[in-house]
Amino acid sequence: MGDACLEQVVDVGTDRPAAPALSVSPWHPVYLPGEAVTLQCMAPPGAHPVTGFQLSRVGGRNLSSGSSDAHTLSITGLGDAGSFTCLYWICPSSRCIQSWESRPISISVTDPPSRPVLSVDPQSGAVREGLPLLVTCMAPGDTGDRRFHFYKDGDELVPGDVESEISTTEPSTSSANVSVLSIPRASPNNTGVFTCGYEENVSGRWVPSPRSRAVNVTVNITETGEFPCPESVCPAPVDRASLLVPDQALVTFSLLSQAALAQPRNMLLACGILVALGMVLAALFWYCRRNKRGQRTSTK
């Protein structure tokens, strides 16, 4: 039954049928451009067979009029917000009677939050394996209740992941526009494309923002011995020539011993020389042994 039939609908005053109920699906406290809602007009139980329905904007044009009890509203912008009502009519005889209007339902529309800004430390996006990596997500403004999310290669990173040692610092109550993703020890698994986003609580609904621009992060693998060893940790270099001292002492000891023994009349002198050289050799031996022990301890 179309608009032409509505011309036959009469107003019978207080004898009108009971008002229908208007519902919205899906229901949200606020809607975003690009979403769609369905308005459905339902006659009360036990009513006379309904001939047609009419859904309209309060103070505006009719959205639909006919046998269908539902209308899908495509939200394209803030101008689609407003209050809506519906009614129905019955035709028990040659004339049709219009019901009372339903209670109005309000539909609120808001724009999505602004895009956040993603930054990394180090700023180059290149970090050595084992060093810390910080990823910061900053939302414009400093109002409202927000929830931040970080993504790598399109997949959301879960705070508290033990394997990757990822932790997220949520914003404090005094500043709700910044969240930091902290990776204390970067590994090759952290190489990838990072993005972030956030949700803002608007009238009880968490409204998502667009994703931030992507930032590439590269974790460079550290080769063994790549990092310089601090002087406070590594031992001072050892003069390899000093390790030859025992050999030189042995040669000197042998020559002097032969010279002393070649003169039998100087046996007493030879014995003295041998004792002195033995003491020197023993001192040099313990010196070198101590030096080698210190070197092995430092390398451990």
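Quick caveat: nothing in here was measured; it's all calculated off a predicted structure.

**Brief notes about the side chain of Thr-195**
For step 1, the next point in the chain: You can see Thr-195 is positioned in strand S17 (residues 192–202).
For step 2, the next point in the chain: Setting aside residues no more than four positions away along its own chain, Thr-195 makes contact with Leu-118, His-149, Phe-150, Tyr-151, Arg-211, Ser-212, Arg-213 and Ala-214.

**Brief notes about the pattern of salt bridges**
For step 1, the next point in the chain: Counted according to the given criterion, the structure contains four salt bridges.
For step 2, the next point in the chain: Arg-205 is paired through a salt bridge with Glu-35; the nearest N and O atoms lie 2.7 Å apart. Here Arg-205, found in strand S18 (residues 205–208), pairs with Glu-35, found in the loop between strand S2 (21–25) and strand S3 (36–42); they are 170 residues apart in sequence, far enough to count as distant.
For step 3, the next point in the chain: Taking the relative accessible area as the measure of exposure, Arg-205 reaches 14% and is therefore buried.
For step 4, the next point in the chain: For Glu-35, a relative accessible area of 22% gives the class partly exposed.
For step 5, the next point in the chain: A salt bridge links Asp-153 to Lys-152, with the nearest nitrogen and oxygen atoms 3.3 Å apart.
For step 6, the next point in the chain: In this structure Asp-153 comes out as partly exposed when scored by relative accessible area, which is 47%.
For step 7, the next point in the chain: Overall, the relative accessible area of 17% leaves Lys-152 in the buried class.

**What about the packing of aromatic side chains?**
For step 1, the next point in the chain: Taken as a whole and assessed by the stated rule, the structure comprises two aromatic pairs.
For step 2, the next point in the chain: Their ring planes at 35° and their centres at 5.8 Å tell us that Phe-148 and Tyr-198 sit as a pair that is tilted. On the criterion of sequence distance, the pair formed by Phe-148 in strand S13 (residues 146–152) and Tyr-198 in strand S17 is long-range, its members being 50 residues apart. Judged on exposure class, the residue Phe-148 and its partner Tyr-198 are both buried.
For step 3, the next point in the chain: Taking the ring centre of Trp-206 as reference, the NZ or CZ of Arg-147 above it sits at 4.0 Å.

**Side note on the state of the cysteines**
For step 1, the next point in the chain: By the definition in use, this model includes three disulfides.
For step 2, the next point in the chain: The partner cysteine of Cys-41 in its disulfide is Cys-86, sulfur to sulfur 2.1 Å. Note on the Cys-41 and Cys-86 pair: the S-S dihedral is about 75°, so by sign convention the disulfide is right-handed. Of this pair, Cys-41 sits in strand S3 while Cys-86 sits in strand S7 (residues 82–90), placing them 45 residues apart in sequence.
For step 3, the next point in the chain: Taking relative accessible area as the criterion, Cys-41 reaches 1% and is therefore assigned buried.
For step 4, the next point in the chain: By relative accessible area, Cys-86 is classed as buried at 1%.
For step 5, the next point in the chain: In this model, Cys-137 is linked to Cys-196 through a disulfide, with the two sulfur atoms separated by 2.1 Å. Between Cys-137 and Cys-196, the S-S dihedral sits near 75°, and the bridge is therefore right-handed.

Calculation rules
Residues numbered from 1 in each chain as written. Predicted model: local features only at pLDDT ≥ 70, side-chain atom pairs only at ≥ 80, totals over all residues. Heavy atoms only, no water. Helix = DSSP H or I, 4+ residues; strand = E, 2+ residues; numbered from the N terminus. Contact = heavy atoms within 4.5 Å. Salt bridge = Lys/Arg side-chain N within 4 Å of Asp/Glu carboxyl O. Buried < 20%, exposed > 50% of the residue type's maximum accessible area, 1.4 Å probe, protein only. Phe/Tyr/Trp six-rings, centres within 6.5 Å; stacked < 30°, edge-to-face > 60°. Lys NZ or Arg CZ within 6 Å of the ring centre and 35° of its normal. Disulfide = S-S within 2.5 Å.

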